[in-house]
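What the coordinates show
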Amino acid sequence: MDDAENIVKKLLAGDGPAENEYVRLLENYENREITEWITAEAVRLRKQHFGNKVYTRGLIEFTNYCKNDCYYCGIRAGNTHASRYRLSEEEILECCREGYKLGFRTFVLQGGEDLFYKDEDIVSLVRAIKRTYPDCAVTLSIGEKSYESYKKYRLAGADRYLLRHETADEAHYRKLHPQAMSLAYRKQCLYQLKELGYQVGAGFMVGSPGQEMRHIARDLIFLTELKPQMVGIGPFIPHHDTIFAKEKAGSVELTLFLLSVVRILLPTVLLPATTALGSVTGDGRERGILAGANVVMPNLSPVRHRKQYDLYDNKVSMGEEAAEHRERLAKRMKAIGYELTVERGDAPEKNTHRLDLCASPEPVGGFNRRSV
Ligand code: SAM
């Protein structure tokens, strides 16, 4: 106990604990005294920087085609049972129209790594959104690309990029991904995105198969080094069509503990109470916010496709999780003392790297002309 207390003090003082200290701290995630202390500090910092505001993002899952074969993911390339779809530019813009009316000022375009969309398509899409909604932020979450591609999207106006590192440990990464994928490349992408002036989001699953406390310790150390503006942390949830179908889902308590630890480590971070957390437990969004999170990402994808973006079993996308029921979510937040806001919700400390945004060429192409 004394040992854990000293480690918490170190964390609060901003002296990043060492790997073995993190391990000893994490082993206390069910210790009530330590958990209450960490949570109270996380909430204090969250309120200091963001008051009781909860930022909202409209999540548009625009394709579930993917060239990758991440072993845990329901939309991996090798899953022949997945029912595939992709949206046209016009369909995506329709989601934005709807979202804007509902009060969303950030659109998150997420998808599998779908080679159908060329760089010009993403550029055209980002430009179209920024032209129509200049007061909105565009977040991309479309996986690993080249520096040149990231640069094109950034020059087109993309503001943020989510790319969870998944695990910062090489051997653990190999358990979750095929040989063709590389942790070093994924980390490099994150540093390149930062260099290009994106607000960058990294993150990982809690309880993914083979994960040990020392792996999570490495995740926390990696986050301290990268200093991302956003961190996505959610429990791993098995999908019936993967080799991990029979594995257990990640712990809600450990996920909440980690949200609090990350809030303390990176006090101004944008930290969502994730869909996965809301999927494993009905009050996951609330508990995430009460642990230090400050973002929610309701689903703004066309209702007819929501079930197809099937990353894991029983993924929620309706009711309070649905953008069209924003009011219901607002009520739930109000009931715990928080307030959904209509704001872009940028990171308080912007990226110091600046990109010359003047030289941006006019869009070419536009995938509406090709059949999706
Ligand atoms: N292709 C993009 C990428 O690689 O970043 C974005 C889409 S990817 C499906 C979004 C996130 O879903 C991943 O970063 C992963 O952490 C999460 N995910 C996938 N399968 C999951 C599972 N079984 N349980 C929980 N989260 C999962």
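Residues numbered from 1 in each chain as written. Predicted model: local features only at pLDDT ≥ 70, side-chain atom pairs only at ≥ 80, totals over all residues.

Points about the overall build of the chain
The condition that has to hold: By the criteria applied, helices consist of DSSP H or I runs no shorter than four residues and strands consist of E runs no shorter than two, each listed in order from the N terminus. For the radius of gyration, the atoms used are the C-alpha atoms, and the globule rule reads 2.2 Å times the number of residues raised to 0.38. Whether a residue is buried, exposed or partly exposed is read from the other C-beta atoms within 10 Å of its own C-beta, which are placed from the backbone; 20 or more gives buried, 12 or fewer gives exposed, and intermediate counts give partly exposed. By definition, residue pairs are in contact when their C-beta atoms, positioned from the backbone, come within 7 Å.
Across its full length, the chain carries 14 helices and nine strands. The C-alpha radius of gyration computed for the chain amounts to 20 Å, which stays within 12% of the reference 21 Å derived for 372 residues, consistent with globular compactness. Considering only C-alpha atoms, the chain reaches an extent of 65 × 45 × 40 Å along its principal axes. Expressed as a percentage of the 372 residues in the chain, the buried residues total 47%. Contacts spanning at least 24 positions in sequence make up 78% of the contacts within the chain whose residues lie at least 6 apart.

Some points on the nonpolar core
The condition is simple: As used here, a nonpolar core is made of buried Ala, Val, Leu, Ile, Met, Phe, Trp, Tyr and Cys residues. They are joined through C-beta atoms within 7 Å.
Of all hydrophobic cores here, the largest spans 98 residues; its most connected members are Ile-60, Leu-109, Val-126, Leu-193, Val-231 and Val-262. At seven residues, helix 10 (residues 252-265) tops the list of elements feeding residues into this core. Discounting residues that sit within four places of it in the chain, Val-262 has contacts with Leu-223, Val-231, Ile-233, Val-269 and Leu-271.

Focus: the packing of helix 4 (residues 89-102) against helix 5 (residues 119-132)
Threshold: Fitted lines through C-alpha atoms serve as axes, helices being fitted only where they are in contact, and the angles separating the N-to-C directions of these axes extend from 0 to 180 degrees. Each angle is binned into one of four classes, with values under 35 degrees roughly parallel, values over 145 roughly antiparallel, values of 65 to 115 roughly perpendicular, and all other values oblique. Helix crossings get a hand from a simple test, with the near helix turned counterclockwise from the far one by less than a right angle marking a left-handed crossing and a clockwise turn marking a right-handed one. Throughout this entry, Asp, Glu, Lys and Arg are counted as charged residues, while Ala, Val, Leu, Ile, Met, Phe, Trp, Tyr, Cys and Pro are counted as nonpolar. The remaining residues, Gly among them, count as polar.
Helix 5 packs onto helix 4 with a crossing angle of 30° between their chain directions and a minimal axis gap of 11 Å. On the basis of the axis angle, helix 4 is roughly parallel to helix 5. Here the hand of the crossing between helix 4 and helix 5 comes out right-handed. Judged by residue contacts, Glu-89, Ile-92, Leu-93 and Cys-96 of helix 4 engage Ser-124, Leu-125, Ala-128 and Ile-129 from helix 5. In terms of residue class, the contact of helix 4 with helix 5 is made up of six nonpolar, one polar and one charged.

Points about the sheet that holds strand 8 (residues 295-296)
Note the cut-off: At least two DSSP bridges between two strands are needed for those strands to be called paired.
Strands sit in the order 8-1-9 across an open sheet of three strands; the sheet is parallel. The open sheet terminates on both sides in strands that have one partner only, identified here as strand 8 and strand 9 (339-341). Alignment of strand 1 (residues 53-56) against strand 8, held across two bridges, turns out to be parallel. In the sheet register, Thr-56 faces strand 8, and the bridge partner there is Val-296. Each of strand 1, strand 8 and strand 9 is contacted by helix 14 (residues 326-335), which is oriented at about 135° to strand 9, the strand it contacts most.

Some thoughts on the pairing of strand 7 (residues 230-235)
Burial within strand 7 is extensive, with six of its six residues counted as buried. What you see with strand 7 is no split at all: Met-230, Gly-232 and Gly-234 on one side and Val-231, Ile-233 and Pro-235 on the other are buried throughout. Inspection of the sheet shows strand 6 (residues 199-206) paired to strand 7 by six bridges, in the parallel sense. If you follow Ala-202 over to strand 7, its bridge partner there is Val-231.

Structural notes on the site of the ligand
Where we set the bar: We call a residue near a molecule or strand when its C-beta atom, built from the backbone, sits within 6 Å of it.
Taken together, 19 residues lie around the ligand, and Cys-73, Gly-143, Arg-164, Leu-311 and Tyr-312 are the ones closest in. Partitioning the shell around the ligand into residue classes produces 10 nonpolar, six polar and three charged.

Details of the environment of Val-231
Counting through the fold element by element, Val-231 comes out in strand 7. Distance in space between the C-alpha atoms of Val-231 and Ala-293 is 9.8 Å, their sequence separation being 62 residues. Contacts of Val-231, omitting those with residues within four sequence positions, involve Gly-201, Ala-202, Gly-203, Leu-223, Val-262, Leu-266, Val-269 and Leu-271.

Here we look at helix 5
Put simply, the rule is: To estimate the expected span of a helix, count its residues, drop one, and scale the result by 1.5 Å.
Its 14 residues give helix 5 an end-to-end C-alpha distance of 20 Å, which sits within 8% of 20 Å, the value for a rise of 1.5 Å per residue. Along helix 5, the positions that sit buried rather than exposed are Asp-121, Ile-122, Val-123, Ser-124, Leu-125, Val-126, Arg-127, Ala-128 and Ile-129. Looking at the buried residues of helix 5, the elements they touch are helix 4, strand 3 (106-111), strand 4 (137-141) and helix 6 (147-156).

Observations concerning the packing of helix 1 (residues 2-12) against helix 3 (residues 32-50)
With their axes 11 Å apart at the nearest point, helix 1 and helix 3 run at an angle of 10° to one another. Between helix 1 and helix 3, the crossing angle belongs to the class labelled roughly parallel. Facing Ala-4, Val-8 and Leu-12 of helix 1, the residues of helix 3 in contact are Ile-34, Trp-37, Ile-38 and Glu-41. Here the residues of the contact of helix 1 with helix 3 are counted per class, giving six nonpolar, no polar and one charged.

A word on the environment of Thr-106
In this fold, Thr-106 is placed in strand 3. Among the residues examined, Thr-106 registers 24 C-beta atoms within 10 Å and is labelled buried. Counting along the chain gives 10 residues from Thr-106 to Cys-96, while the straight-line C-alpha distance between them is 9.2 Å. Beyond its immediate chain neighbours, meaning those up to four positions away, Thr-106 contacts Arg-57, Gly-58, Cys-136, Ala-137, Thr-139, Arg-344 and Gly-345.

Things to note about the environment of Ile-243
Locating Ile-243 in the fold gives a position in the loop between strand 7 and helix 10. Judged by the 12 C-beta atoms lying within 10 Å of it, Ile-243 is exposed. Here the alpha-carbon distance between Ile-243 and Glu-61, two residues 182 residues apart in the chain, equals 24 Å.

Geometry only, nothing functional implied.
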